[in-house]
Amino acid sequence: MKKRSRLCACQREEREQETERVRLQEHISLVKRLQDNCFQYKTFSNAVFKDLDGESRQETISRRYVQNWEKVRKENIGLLFWGDVGTGKTYLASCIANALMKQEVSVKMVNFSYILNVGFEYRNELIHSLCHFGLLIIDDFGTERGTDYGLETVHSVLDARYNSGKPMIITTNLSLQQMKNPEDEMHKKIYDRTKNCVPVQFGGESRRHAAGKDKMEQFKKMLLEAEETI
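Below, the structure is looked at part by part. Given the structure is predicted, the values throughout are model-derived calculations rather than measurements.

Regarding the side chain of asparagine 111
- Topologically, asparagine 111 is positioned in strand β2 (residues 107-111).
- Taking relative accessible area as the criterion, asparagine 111 reaches 13% and is therefore assigned buried.
- Once residues within four sequence positions are removed from consideration, asparagine 111 is found in contact with Gln40 and Asp139.

As structure tokens, then:
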């Protein structure tokens, strides 16, 4: 009887390294596909926690959400980022998205302007597709058109997602007071579908405004210094 040939230690190590290399390449390719399918605007694919200072309460909550993903997913717990324009809501939501996609979780980030611009004949198909992602992020909630069709579509999306048992993250410039005191029955039905989302307030000066102001000051200083050398 022939004895099976045994791999020597170096051959086993080489095979293990090759297996790991293939697995890593497949992971990188999958994450890239997930990101391509997630974002309407590709700039958000670069949003990562490591670029933040790590001191804000909002960032701490966002990191913990990722760390406890399996639990919040199972319990269908989402987040409601609310506050003024430019305070970092969308960026932090994007950080969560990218961190989860690195764990090979499927994420979709959309706003209702995009959804409402899809033809009526494709609306139900789109709503159905949004229920398949592990996490759905709805950005700029509340800025959509207030027509009967628009409101009905908003409710259909939120209702379908809520009933899917999968979590959402919502960013909005609306205040909690506005959402707790809806102007009519349709808005009440819409806001009711966000009740599984933990509210997180964002405040302070607009980060976009502050960044723009800093840039203007830098250029102003540069130009004034250049003027003195002329």
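Some thoughts on the pairing of strand β1 (residues 78-83)
- Of all six residues making up β1, six are buried, and the element is well covered by its neighbours.
- Burial along β1 is two-sided: the face carrying Gly78, Leu80 and Trp82 and the face carrying Leu79, Phe81 and Gly83 are both buried.

A word on the pairing of β2
- Among the five residues of β2, five are classified as buried, and the element is accordingly described as predominantly covered.
- Alternating positions in β2 separate into two faces, Val107, Met109 and Asn111 on one and Lys108 and Val110 on the other, with burial throughout.
- In terms of strand pairing, β2 meets strand β3 (residues 135-141) through five bridges, oriented parallel. Residue pairing across strands places asparagine 111 opposite aspartate 139, the latter belonging to β3.

A few points about the nonpolar core
- One finds Ile96, Val107 and Leu135 to be the most contacted residues of the largest nonpolar core, which totals 27 residues.
- Residue assignment for this core shows that the elements contributing at least two residues are α1 (9-38), α2 (57-67), α3 (69-75), β1, α4 (89-101), β2, β3 and β5 (197-202).
- Element by element, the count of residues in this core is highest for α4, at eight residues.
- Contacts of valine 107, omitting those with residues within four sequence positions, involve Leu34, Cys38, Ala97, Leu100, Met101, Phe133, Leu135 and Ile137.

Thoughts on unusual backbone geometry
- Backbone geometry places glutamate 104, a non-glycine residue, at a positive phi of 70°.
- The topology assignment puts glutamate 104 in the loop between α4 and β2.
- Positive phi values are uncommon outside glycine, yet aspartate 140 reaches one of about 55°.
- For aspartate 140, the position within the fold is in strand β3.
- Its relative accessible area of 30% is what places aspartate 140 among the partly exposed residues.

Calculation criteria
Each chain has its residues counted from 1, following the order in which its sequence is written. Selection of residues for local features in this predicted model requires a pLDDT of at least 70, selection of side-chain atom pairs for listing and counting requires 80 or more, and totals for whole chains, interfaces and linings are taken over all residues. Side-chain numbers come from the whole structure's heavy atoms, not from hydrogens or water. By the criteria applied, helices consist of DSSP H or I runs no shorter than four residues and strands consist of E runs no shorter than two, each listed in order from the N terminus. When accessible area is computed with a 1.4 Å probe and restricted to protein chains, residues below 20% of their type maximum are described as buried, those above 50% as exposed, and intermediate ones as partly exposed. We call two residues in contact whenever any of their non-hydrogen atoms come within 4.5 Å of each other. Any two strands with at least two DSSP-identified bridges between them are counted as paired. As used here, the term nonpolar core means buried Ala, Val, Leu, Ile, Met, Phe, Trp, Tyr and Cys residues forming a set that is joined through side-chain atoms within 4.5 Å.

Just geometry here; none of it tells us what the structure is for.
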